[in-house]
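Descriptive analysis of the structure
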Amino acid sequence: MVSAVFHSPLEAAAPAARNGDKPRESAATYLIAAHVHQTGAAAQNDMKNPTPAVATTKPQRDLSYLWLGILPPLLGLGLLALVWELVFMGTGGSIPSPKDTFVQAVQIFSDPFYSKGPNDQGVGWNVLSSLKRVAMGFGLAAVVGIPVGFLIGRFNFLSRMFNPLISLLRPVSPLAWLPIGLLVFKGANPAAIWTIFICSIWPMIVNTAVGVQRVPQDYMNVARVLNLSEWKIVTRILFPAVLPYMLTGVRLAVGTAWLVIVAAEMLTGGVGIGFWVWDEWNNLNVKNIIIAIFVIGIVGLLLEFALIKLATAFTFEEVKN
């Protein structure tokens, strides 16, 4: 059996005192003394440089969001309502007041999807019909315009070949293409889709081609050294670098398409938000025309907001900032 005996420092110092020697201090004694010395020095320093008491007040609320995010839009809407009311008073009631228009809007949106025939449908059906035409024309423009933009930006020969044509046709008003669509397709609905297509394709082609041309040459040199195929160059190098430019073209194209569809539907008729505006004008119902203006603006704003979120999700951090 092994036993361990622990002696206290006082017991260890007693034999040395009896022998007339100065008792040795243990390591624990030195540690205790050092700790006491440091504590005393710290206390003296605290007395010389007293630490200010920490305030225990409650943190104040940050009202900057209320001041910068909520109040300015409300003031803008209030200014619009004030100007609208002044116009109502100045025109002698030919322009309806904001209050009367709001009452009419509540009545219209209480049943937005009613249907009483092909020429008498709710505002919901008209908006959906316009969005359907925009989606078809815009989708066809994306299928054609984005690959063409890649080709024009990738090959200098094609760029020199198509640049004069794009410069010639891009400034033409989209509605100028509507009679061509009516002549070729023999129908109002495909003619409107054709008009959306022709006005949406130019921003996609131009922005995509510019994005391809601005890809750093170092990337292409690396691809040449690695002997990458053209498919890998497009999918691994060009597409990630061109994506922000391409999404900018998409945003511009969808905004233009939503503007054009209203005018195209005014001319072609049928079901749609543009036809609804023109039909209400024929009925001299100015309240519904103003409501339609707000509906067109809100739908366009939602489309723009959705595409901004899409572009932010697929854009690199350095491009976002």
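Source: prediction; values computed, not measured.

Here we look at the nonpolar core
- Among the nonpolar cores identified, the biggest contains 30 residues, and F150 and L238 are the most heavily contacted of them.
- Among the secondary structure elements, those contributing two or more residues to this core are α5 (123-154), α8 (188-213), α9 (217-225), α10 (230-268) and α12 (286-313).
- At 10 residues, the largest contribution of residues to this core is made by α10.

So, the pattern of salt bridges
- Evaluation of the coordinates by the stated rule reveals three salt bridges.
- Note that E230 is salt-bridged to R154, the shortest N-O span being 2.9 Å. Taken together, the residues span a long stretch of sequence, with E230 in helix α10 and R154 in helix α5 at a distance of 76 residues.
- Taking the relative accessible area as the measure of exposure, E230 reaches 35% and is therefore partly exposed.

Let's talk about the confidence of the model for the protein chain
- Across the protein chain, the average pLDDT comes to 78, with 77% of residues at or above 70.
- Per-residue pLDDT, averaged within each element of the protein chain, yields its smallest value for helix α1 (residues 9-18) (42) and its largest for α5 (92).
- Contacts from residues 1-43, a stretch scored under 50 in pLDDT, to residues over four places away or in other chains number five contacts.
- Note that residues 317-321 has pLDDT below 50 and, in this model, three contacts with residues that lie over four places away or in other chains.

Observations regarding a nonpolar patch on the surface
- Taken together, the side chains of I70, L74, L77, L80, F294, I298 and L302 define a hydrophobic patch exposed on the protein surface, amounting to about 670 Å² of accessible area.
- At the level of elements, α3 (64-90) and α12 are the ones that each hand at least two residues to the nonpolar patch.
- Sorting elements by how many residues they give to the nonpolar patch places α3 first, with four residues.
- Inspection of the secondary structure puts L302 in helix α12.

Remarks on the packing of aromatic side chains
- Scanning the entire structure with this criterion turns up five aromatic pairs.
- A ring pair is formed by F113 and W125, whose centres lie 5.2 Å apart and whose planes are at 80°; its orientation type is edge-to-face. Pair noted here: F113 is in the loop between α4 (98-109) and α5 and W125 is in helix α5, with a separation of 12 residues, a long-range link.
- What makes F113 partly exposed here is its relative accessible area of 45%.
- Among the aromatic side chains, those forming a connected cluster through ring pairs are W177, F185, W194 and F197.
- Note that K116 overlies the ring of Y114, its terminal NZ or CZ placed 5.5 Å from the centroid.

What counts, and where the lines are drawn
Residues numbered from 1 in each chain as written. Predicted model: local features only at pLDDT ≥ 70, side-chain atom pairs only at ≥ 80, totals over all residues. Heavy atoms only, no water. Core = buried A, V, L, I, M, F, W, Y, C linked by side-chain atoms within 4.5 Å. Buried < 20%, exposed > 50% of the residue type's maximum accessible area, 1.4 Å probe, protein only. Helix = DSSP H or I, 4+ residues; strand = E, 2+ residues; numbered from the N terminus. Salt bridge = Lys/Arg side-chain N within 4 Å of Asp/Glu carboxyl O. pLDDT = per-residue confidence, 0-100. Contact = heavy atoms within 4.5 Å. Patch = residues over 30% accessible without salt bridge, like charges linked within 9 Å, V, L, I, M, F, W, Y side chains within 5 Å. Areas by Shrake-Rupley, 256 points an atom, 1.4 Å probe, with all protein chains shown as cover. Phe/Tyr/Trp six-rings, centres within 6.5 Å; stacked < 30°, edge-to-face > 60°. Lys NZ or Arg CZ within 6 Å of the ring centre and 35° of its normal.

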